[in-house]
Amino acid sequence: MISAPFDYVRANTLDEALALLAQNEDAKILAGGHSLIPAMKLRLAMPPLLVDIGRIKDLSYIREDHGQIQIGAMTTHYQIESSDLLKKICPLLPECAGHIGDVQVRNKGTIGGSVAHSDPSGDWPAAIIALNAELVAVSKNGERLVKADDFFVDLMTTALEAGEILREIRINKSNDRTGQAYAKMHHPASGFAVVGVAANLTLDRNGGCEKASIGITGVSSKAYRALAVESALTGSALDEQKIANAAAHAADGVDINGDLFASEDYRRHLAQVFTKRAIAAATERAG
Amino acid sequence: MAAKYVGKRIKRTEDPRLIKGLAHYVDDVRLPDTLHVAFVRSIYAHARITSIDVTEALKAPGVVAVYTGKDIATTVGPVPCAAALPDLKIPDYRVLATGKALFVGHPIAAVVATDRYLARDAADLISVDYEELPVAVDVEASAKGGPVIHEQFGSNIAYTLTSGEGDIEAALKSADHIVTQRMVHQRLAPVAMEGRGVLARYFPGEEELTLWSSTQIPHLMRTQVALMIGLPENKLRVITPEVGGGFGSKLNVYAEEALLAWISIQLGKPVKWIESRRENMQATIHGRAQVGTVEVGCKNDGTITGLRYNVVADLGAYHQLLTPAIPTLTGLMLSGAYRIPAIQMNVTGVFTNKMSTDAYRGAGRPEATYVVERAMDIVAAELKIDPVEVRRKNFPAKTEFPFHTATGLDYDSGDYEAALDKALNLSGYAKLRAEQAKARAAGKLIGIGMSSYVEICALGPSQAMPAGGWESATVRIEPTGTVTVLTGASPHGQGQETSFAQIAADELGVDLNAVTVIHGDTAIVQYGIGTFGSRATAVGGTAVLIAIQKLKEKAAKIAAHVLRCEASSLAFEGGRYSRPSAAAASAVSEPDVAVGEAPAGALPEPDTEGRSTLTIQEIALIAHIAKELPPDTEPGLSATYFFEPKNFTFPFGTHICVVEIDKETGETKFLRYVAVDDCGKVINPLLVDGQIHGGIVQAIGQALYEEVVYDEQGQLVTGELMDYALPKASQMPWFELDRTETPSPVNPLGVKGVGEAGTIGATPAVVNAIVDALSPYGVKHLDMPARPEAVWKLITG
């Protein structure tokens, strides 16, 4: 469990980190190190240079600005899990954070590192999609905004381009008829999501479903939006049957992973079960 | 013995150093000029090694040497197997692969470099050419035919053995019912928190070698490694520093241990290897791995008439120290807690292209207990009798002990019904069944499972062991009154430094803090066997007790001489010998020379003039100054005893477990876990609870989570803790523990042993509960681990 040799630079500013990235094509950004370091120790990843952004000021924050929630990329899972502000205005994030790894992982691991890693079983991507977040990518040439739906490209692949760093995650505040929930089956060994479903629902004034946003992780090579579930939910009152019918579409049109712990068939079934559970919980919280 | 400490919940004296990070494991031993070893290991399960090119590695920075099979083929002896079975096939297991690689992780080359990073980098520069060979992975298929691993044997069968007593055919014929069930005991990885580690230091001038190793058996290792590398045994010193768990995986002599010793001699420098977790998963022994079919005959009233178990045991590619012997322990324990007139086990030991199996916590007994306890539930289901009643029906009564079993054992003592009843009361069994019926009616899947186990501990009489079943102790009282206990039963987390000190402090009437227990250094401690098979307290603790009794005989003689009376007239209480008339008055007084408070400089001469009492610590001083000894008395105050037990001990108990199955996902949730264990007399209830807790956790691991999986090519799928699911605290139920206490007549302490009870007793209780929960679906059995998907499939049909 000894990594291949690599160079290491601790960047003091974002500009310094971006300059190093621009000069070194194969360099990797080191955030909390809870995905990258294990991969390096197994020599699955052998980056020649690590650019540590852990000491850069102003990358770790949770704030509300004109109806928008802004979270710095280096904010730890624990900071999100324990944020009173988020518990009030975006409870999906603390709930999701509480499902990640264990206490040590949550104390060190960061939302930016996890999102940029795009592990197919990571928890955050499901929430990011369900919350319709926008991701701020910064490079030497300036900043750009990437929508959650465009961000997760494939297995461990995101829309971040060479030389870009994920700087911030932005989420529009929801109204008081919104309910959110994250339902997950933990892999007994890794703690990652065998299936993880984030539901974010807004009801209309009559209790019907005005908007439904469902992100699913663990099922396929990347987290995805369950469009068929969303459209089946939208526009009518949600009862048990309606929810179950909608959830049955959780894995429609998706290439499903199969492994030792969960075959393709079982995972499809779990996706439906956990989608149903997430929607039911979110509906109850919205009401 | 006045019990001031024995029987008390005394916190482990080992813990502060462990908690503070001040303990020393092998990797914490840092010697100047140490070289580091990294291994190239086979990436194939079965392959001919056609060439190994080490040229680039030798040129790499820091590399001092590279060794391959040809370097050791004639210089380092094979990895030893101590198991003795009739017609056992023993392959030549060299410390580096010679010719063929037989499992993924099989060491092929060792790189020695100036630091461990450079060694690891250079290992990547070694190029091995393989010619892949067909693999033998599935144990049942490999028993029947397919690729042969060791050509010289003509097949993959290492041995076949039939054991048991009674006429099994007649017994089954006399039954009203015969139930049959195939059961898989999946392969498990012991996963000690600290992996293996070796540091070897050769002193070229003295021609002596010191070997630090994370092992359970320092003395046996010394003997074996000395033989393997051709060093006189008295020139080899094995030191076992702190050991971070073993669970049987360090009850072995591994290739790496002998190889490191040999390399250190070649290079004249210290060499170190610390196992990575991936190496630990690949190349440290695995456990269990049996596939068998049990047949049980029973009468209509539930009386068991006979039991037959036909089993193939997956041995892996080679024999480690006890590999082929483990299934024989299964055969010994197939009577469980019951009177079964005829028992037969037919075992076939089979080579496969995998890591060797060997002793893992329980070592053959969990398999037996699982077979018997699952079978009892299957019988109960067949006869539609409550599982409690089937068990009760077949228990031997407490008056029938020693109880002879058809597996050839004599159970020492037991009251199985008492433990069962206590567990039933504690769990509220009748109420649980009523609640279950209600929950079922409401569509919930609630299951209640139980297991009434017996296990075999205190291994054991030397006649029944491959290399000695006794244990040793030396007890010394130093001139200043502190007590040193040297035990041959080197612990690896069990807490003997505390429990043996409790025994010694009570027997000597001294303060617990005055006792230090030393172990794990062959240059300091007399020969010993080691800690395994739940033997340390029953055998090693008894050795301590009897050594002290010997020591006290001498102390009494000295006391009588100084106090001018007959030794037989002396009273001994609270660490003090008193003349008859003084006994009452002195019982409460303090020692005159307090431990640790002796004046500096020359030893204080005790003033013995006119004394009517003497503490044993004062006697130690008198014995060392040696001016006032009786005639023909050796100076000093120490005694050594090698205790040979007459029999094994047989702890027992009943575990009851309640689970709820999630109908939609197949996940198992614990609602209750009740365990009533009887391990004989208890030295330290805190340590016993800890052993039970840990044991149940590992048992639940087997029932629900763990499995070493090799794919069809013999590749290890569960090579990391990301894939191999160890049980976690958050998944565990609250353990409701209680005890019964039936002393063992086998040793004067009355202890039986507790190190493996939880692992042995709990697994079938959990699986029985799951099967009970699924019984509305007609489910009669389910193989482990009970992964949610497997359960879900049974529910959905």
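Residues numbered from 1 in each chain as written. Chains lettered and ligands numbered in written order. Predicted model: local features only at pLDDT ≥ 70, side-chain atom pairs only at ≥ 80, totals over all residues. Heavy atoms only, no water.

### What to know about the overall build of chain B
The helix and strand tally for chain B stands at 21 helices and 28 strands. Relative to the 2.2 N^0.38 estimate, which gives 28 Å for 797 residues, the radius of gyration of chain B is 28 Å and therefore close to what a compact globule would have. Counting only C-alpha atoms, chain B reaches 90 × 75 × 45 Å along its principal axes. Buried residues in chain B amount to 63% of all 797 residues. For chain B, the exposed surface amounts to about 28500 Å²; the carbon and sulfur share of it is 53%. Charged side chains in chain B number 72 positive and 92 negative. The centres of these two groups are separated by 3 Å. (Helix = DSSP H or I, 4+ residues; strand = E, 2+ residues; numbered from the N terminus. Rg over C-alpha atoms; globule rule 2.2 N^0.38 Å. Buried < 20%, exposed > 50% of the residue type's maximum accessible area, 1.4 Å probe, protein only. Areas by Shrake-Rupley, 256 points an atom, 1.4 Å probe, with all protein chains shown as cover. Lys, Arg positive; Asp, Glu negative; His and termini not counted. Charge placed at Lys NZ, Arg CZ, Asp CG, Glu CD.)

### Points about the overall build of chain A
Helices and strands together make up the secondary structure of chain A, namely twelve helices and 14 strands. In terms of overall dimensions, chain A is globule-like: its C-alpha atoms have a radius of gyration of 19 Å, near the 19 Å expected for 287 residues. On the principal axes, the C-alpha backbone points of chain A span a range of 55 × 45 × 30 Å. Residues classed as buried in chain A amount to 55% of the 287 residues present. Long-range pairs, those at least 24 residues apart, make up 62% of the contacts in chain A between residues at least 6 apart in sequence. Counting only carbon and sulfur atoms, one obtains 47% of the accessible surface of chain A, whose full area is about 12400 Å². Both charge centroids of chain A, one from 29 positive and one from 35 negative side chains, sit 4 Å from each other. (Contact = heavy atoms within 4.5 Å.)

### Brief notes about the interface of chain B and chain A
Across the contact, 29 residues belong to chain B and 25 residues belong to chain A. Contact between chain B and chain A buries roughly 2100 Å² in total, counting both sides, with carbon and sulfur atoms accounting for 60%. For chain B, the biggest contributors to the area lost against chain A are Glu664(B), Met722(B) and Glu789(B); these three give 26% of the whole. At the junction of chain B and chain A, the tally comes to five salt bridges. Between Arg277(A) and Asp662(B) there is a salt bridge, and its shortest N-O distance comes to 2.9 Å. Inspection of the chain B/chain A interface yields eleven residue pairs in polar contact (both at pLDDT 80 or more). Broken down by secondary-structure element, the contributors of at least two residues to the side of chain B that touches chain A are α4 (116–123), α9 (277–283) and α21 (788–796) of chain B. Broken down by element, the residue count for the side of chain B that touches chain A peaks at four residues, all from α4(B). (Buried area = accessible area lost by both parts, 1.4 Å probe. Salt bridge = Lys/Arg side-chain N within 4 Å of Asp/Glu carboxyl O. Polar contact = N/O pair within 3.5 Å; in protein donor to acceptor, adjacent residues only side chain to side chain.)

### Focus: α21(B)
Considered for burial, the residues of α21(B) that qualify are Pro788(B), Glu789(B), Val791(B), Trp792(B) and Ile795(B). For α21(B), the arc enclosing every buried residue in end-on projection is 160°, short of the 170-degree limit, so these residues lie on one face. The elements touched by buried residues of α21(B) are β11 (178–186) and α12 (264–286) of chain A together with β18 (445–454), β26 (652–661) and α20 (757–774) of chain B. In the stretch just after α21(B), Gly797(B) is the one whose phi turns positive, near 80°. (Arc of directions from axis to C-beta.)

### Points about the packing of aromatic side chains
Each pair of aromatic rings is reported with the distance of its centres and the angle of its planes. Going through the model one piece at a time under the given rule, you end up with 19 aromatic pairs over all chains. Through a chain of ring-to-ring contacts, three or more aromatic side chains come together here, namely Tyr338(B), Phe395(B), Phe401(B), Phe403(B), Tyr411(B), Tyr416(B), Phe648(B), Phe650(B) and Phe652(B). For the cation-ring pair, Arg277(A) lies above Phe274(A), with the distance from its terminal atom to the ring centre recorded as 5.3 Å. Cation over ring: Arg196(B) sits above Tyr254(B), and NZ or CZ is 3.8 Å from the ring centre. (Phe/Tyr/Trp six-rings, centres within 6.5 Å; stacked < 30°, edge-to-face > 60°. Lys NZ or Arg CZ within 6 Å of the ring centre and 35° of its normal.)

### Here we look at the state of the cysteines
Going through the model one piece at a time under the given rule, you end up with zero disulfides over all chains. Distance from the sulfur of Cys209(A), which forms no disulfide, to the nearest cysteine sulfur (Cys90(A)) is 17 Å. (Disulfide = S-S within 2.5 Å.)

### What to know about α4(B)
An α-helix turns once per 3.6 residues; consequently, residues spaced three or four apart project the same way. Of the residues making up α4(B), those classed as buried are Ala119(B), Asp121(B), Ala122(B) and Ala123(B). Considering only its buried residues, α4(B) is in contact with β1 (35–41), α2 (55–59), β3 (63–68) and β5 (107–113) of chain B.

### A few points about the side chain of Arg196(B)
Residues and elements named next belong to chain B. Locating Arg-196 in the fold gives a position in the loop between β8 (177–188) and β9 (197–203). The class for Arg-196 is buried, based on a relative accessible area of 3%. A distance of 2.9 Å separates polar atoms of two side chains, one belonging to Arg-196 and the other to Glu-256.

### Here's the deal with the packing of helix α11 (residues 365–383) of chain B against helix α12 (residues 387–394) of chain B
Residues and elements named next belong to chain B. At a minimum axis distance of 8 Å, the contact between α11 and α12 shows a crossing angle of 115°. Classed by the angle they form, the pair α11 and α12 counts as roughly perpendicular. As for the relative orientation of α11 and α12, their crossing is right-handed in sense. Contacts between α11 and α12 involve Glu-373, Met-376, Asp-377, Val-379 and Ala-380 from the former and Pro-387, Val-390, Arg-391 and Asn-394 from the latter. When the residues that make up the contact of α11 with α12 are grouped by side-chain class, the tally is five nonpolar, one polar and three charged. (Axes fitted to C-alpha atoms, helices over the stretch in contact; angles between N-to-C directions. Parallel < 35°, antiparallel > 145°, perpendicular 65-115°, else oblique. Left-handed = near helix turned anticlockwise from the far one by under 90°. Nonpolar A, V, L, I, M, F, W, Y, C, P; charged D, E, K, R; others polar.)

### Considerations on the domain arrangement of chain A
Annotation of chain A at the domain level lists domain 1 (7–52), domain 2 (62–172) and domain 3 (178–286). Taking only C-alpha atoms into account, the centre of domain 1 of chain A sits 34 Å from that of domain 3 of chain A. (Domains from an automatic or database assignment.)

### Here's the deal with the packing of helix α15 (residues 496–508) of chain B against helix α16 (residues 536–563) of chain B
All names here are of chain B. Contact geometry for α15 and α16: axes closest at 10 Å, N-to-C directions at 30°. Taken together, the axes of α15 and α16 are roughly parallel relative to one another. As for how α15 packs across α16, the hand of that crossing is right-handed. Contact residues: Gln-496, Phe-500, Ile-503, Ala-504, Glu-507 and Leu-508 in α15; Ala-536, Thr-537, Gly-540, Gly-541, Val-544, Leu-545, Ile-548, Gln-549, Leu-551 and Lys-552 in α16. For the contact of α15 with α16, a count of residues per class yields nine nonpolar, five polar and two charged.

### Section: the pattern of salt bridges
Applying the stated criterion to the full structure yields 70 salt bridges over all chains. Here Asp521(B) makes a salt bridge to Arg237(B), at a shortest N to O gap of 2.6 Å. Placement of Asp521(B) in the loop between β21 (515–518) and α16 and of Arg237(B) in strand β11 (residues 236–239) is noted, with a sequence separation of 284 residues between them. The exposure class assigned to Arg237(B) is partly exposed, which follows from its relative accessible area of 31%. Members of the salt-bridge network, linked through shared partners, are Arg63(A), Glu143(A), Arg167(A), Glu168(A) and Arg170(A).

### Things to note about the domain arrangement of chain B
One frequent convention defines the size of an interface as the accessible area lost when the parts assemble. Residue and element names in this part refer to chain B. Domain parsing of chain B yields domain 1 (31–133 + 196–243 + 250–283), domain 2 (375–456 + 647–796) and domain 3 (470–513 + 535–643). Look at where the C-alpha atoms of domain 1 and domain 2 centre, and you get two points 40 Å apart. With eight residues of domain 1 at the interface, the matching set in domain 2 holds nine residues. Overall, the association of domain 1 and domain 2 removes approximately 720 Å² of surface from exposure, summing both partners, and the carbon and sulfur fraction of that is 56%. Area buried by domain 1 at its contact with domain 2 is led by Val-104, Arg-278 and Met-281, which between them contribute 60% of it. Our count for the domain 1 to domain 2 interface comes out at one salt bridge.

### What to know about unusual backbone geometry
All names here are of chain B. For the bond running from Leu-459 to Gly-460, omega is -25°, close enough to zero to count as cis. Mapped onto the secondary structure, Gly-460 falls in the loop between β18 and β19 (471–477). Each neighbour pair has its own omega, and for Met-784 with Pro-785 the value is -10°, a cis peptide bond. The phi torsion at Val-191 lies on the positive side, around 50°, for a residue other than glycine. Note on placement: Val-191 falls in the loop between β8 and β9. The class of Val-191 is buried, set by a relative accessible area of 9%. One non-glycine residue, Ala-363, lies in the positive phi region at around 45°.

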